[in-house]
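Coordinate analysis (summary)
The lines below spell out each chain.
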Amino acid sequence: MLRGDIEGADFERYVEDAVGLTTLDRALNWARSQTVFPMTFGLACCAIEMMSIVNARYDVARFGSEAFRASPRQADLLILSGRVSIKMAPVIRRIYDQMLEPKWVIAMGACSSSGGVFSNYAVVQGADKFLPIDVHVPGCPPRPEALMYGLIKLQRKIKGNPDDGWRVRYGAHGTEEYPYGAAGAPPDVDLQKLIAERKKQLGNGRPPGSILSQATTAGARHA
């Protein structure tokens, strides 16, 4: 294209269609979300389902996560696939500490998330007791599709656009284990205000779906 070929409104429309602007942080986070390298590490029966996501049927390579690394220094995702015994907890923590920042953890299955059916002294009742968990994948064991969905949720979180929590989506304020504002509690995203507005909208006959956009806006503003 030469100078003068397009002018006026056509030129502005061409620039809007051809040029995209973003920040360096957003570009880096987008690149990181598309190249998540999991650690080659399995704990129990969930590991078989985890291995399945790399075969041709599921093809996790579509999401850039087919490169399972054998060294924690080359991996940025730790998938806890199965129950975590008391003996294995220090080993897992050491592997996590050897991974370089930024790094993420997916707790795969009911056993790693809450102990599952193993309610005894030999199994850790939730891996979040000794590790920060980014995504919990429910199921016993969860199917490979569930793990891939958890990976997509993690990608959204890495890109800085996580999904709303279920308390915001369903207006379940008041079900927290500790009150908002208490020491150690997560920051409140004006949840009380959102719930009050939702009740007001429902009383006025407005569709309840409008609260989702407000929650998303509030969450983005908070982030």
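Preceding this section is the structure that the text describes.
Source: prediction; values computed, not measured. (Residues numbered from 1 in each chain as written. Predicted model: local features only at pLDDT ≥ 70, side-chain atom pairs only at ≥ 80, totals over all residues. Heavy atoms only, no water.)

Examining a nonpolar patch on the surface
On the surface, Phe11, Tyr14, Val15, Val19 and Leu21 cluster together into a nonpolar patch covering about 510 Å² of accessible area. As for its placement among the helices and strands, Leu21 is situated in the loop between helix H1 (9-18) and helix H2 (24-33). (Patch = residues over 30% accessible without salt bridge, like charges linked within 9 Å, V, L, I, M, F, W, Y side chains within 5 Å. Areas by Shrake-Rupley, 256 points an atom, 1.4 Å probe, with all protein chains shown as cover. Salt bridge = Lys/Arg side-chain N within 4 Å of Asp/Glu carboxyl O. Helix = DSSP H or I, 4+ residues; strand = E, 2+ residues; numbered from the N terminus.)

Some details on the environment of Ile92
Tracing the sequence through the fold places Ile92 in helix H4 (residues 88-98). On the basis of relative accessible area, Ile92 is assigned to the buried category, the value being 0%. In sequence terms Ile92 and Leu43 are 49 residues apart; their C-alpha atoms lie 9.8 Å from each other. Setting aside residues no more than four positions away along its own chain, Ile92 makes contact with Phe41, Leu43, Leu78, Leu80, Val84, Phe130 and Leu131. (Buried < 20%, exposed > 50% of the residue type's maximum accessible area, 1.4 Å probe, protein only. Contact = heavy atoms within 4.5 Å.)

Digging into the pairing of strand S2 (residues 104-108)
Most of S2 is tucked away, with five of its five residues classed as buried. With five bridges connecting them, strand S1 (residues 77-81) and S2 associate as parallel partners. Residue Leu77 lies in a different strand from S2, and its bridge partner there is Trp104. Following the chain from S1 across H4 to the adjacent parallel S2, one finds a crossover that is right-handed. Looking at chain direction, S2 and strand S3 (residues 135-137) are connected through three bridges and run parallel. If you follow Ala107 over to S3, its bridge partner there is His136. (Pairing = 2+ DSSP bridges. Right-handed = clockwise from strand over helix to strand, strands pointing away.)

Observations concerning the packing of aromatic side chains
In total, this model carries zero aromatic pairs according to the counting rule given. The cationic tip of Arg83 hangs over the ring face of Phe118; the distance from NZ or CZ to the ring centre is 5.3 Å. (Phe/Tyr/Trp six-rings, centres within 6.5 Å; stacked < 30°, edge-to-face > 60°. Lys NZ or Arg CZ within 6 Å of the ring centre and 35° of its normal.)

So, the pattern of salt bridges
In total, this model carries four salt bridges according to the counting rule given. Between Asp134 and Lys157 there is a salt bridge, with the nearest N and O atoms lying 3.2 Å from each other. Remark: Lys157 occurs in helix H6 (residues 144-158) and Asp134 occurs in the loop between helix H5 (110-114) and S3; sequence separation between them is 23 residues. Across the salt bridge formed by Glu145 and Arg143, the nearest N and O atoms sit 3.1 Å from each other. Residue classification places Arg143 among the partly exposed residues on the basis of a relative accessible area of 48%.

A few points about the sheet that holds S2
The sheet built from three strands is open, its strands ordered S1-S2-S3 with parallel pairing. The sheet terminates laterally at S1 and S3, the two strands that pair on one side only. Looking at each pair of strands side by side, their axes are set apart by 15° on average, direction ignored. (Axes fitted to C-alpha atoms, helices over the stretch in contact; angles between N-to-C directions.)

By themselves, these figures tell us nothing about what the structure is for.
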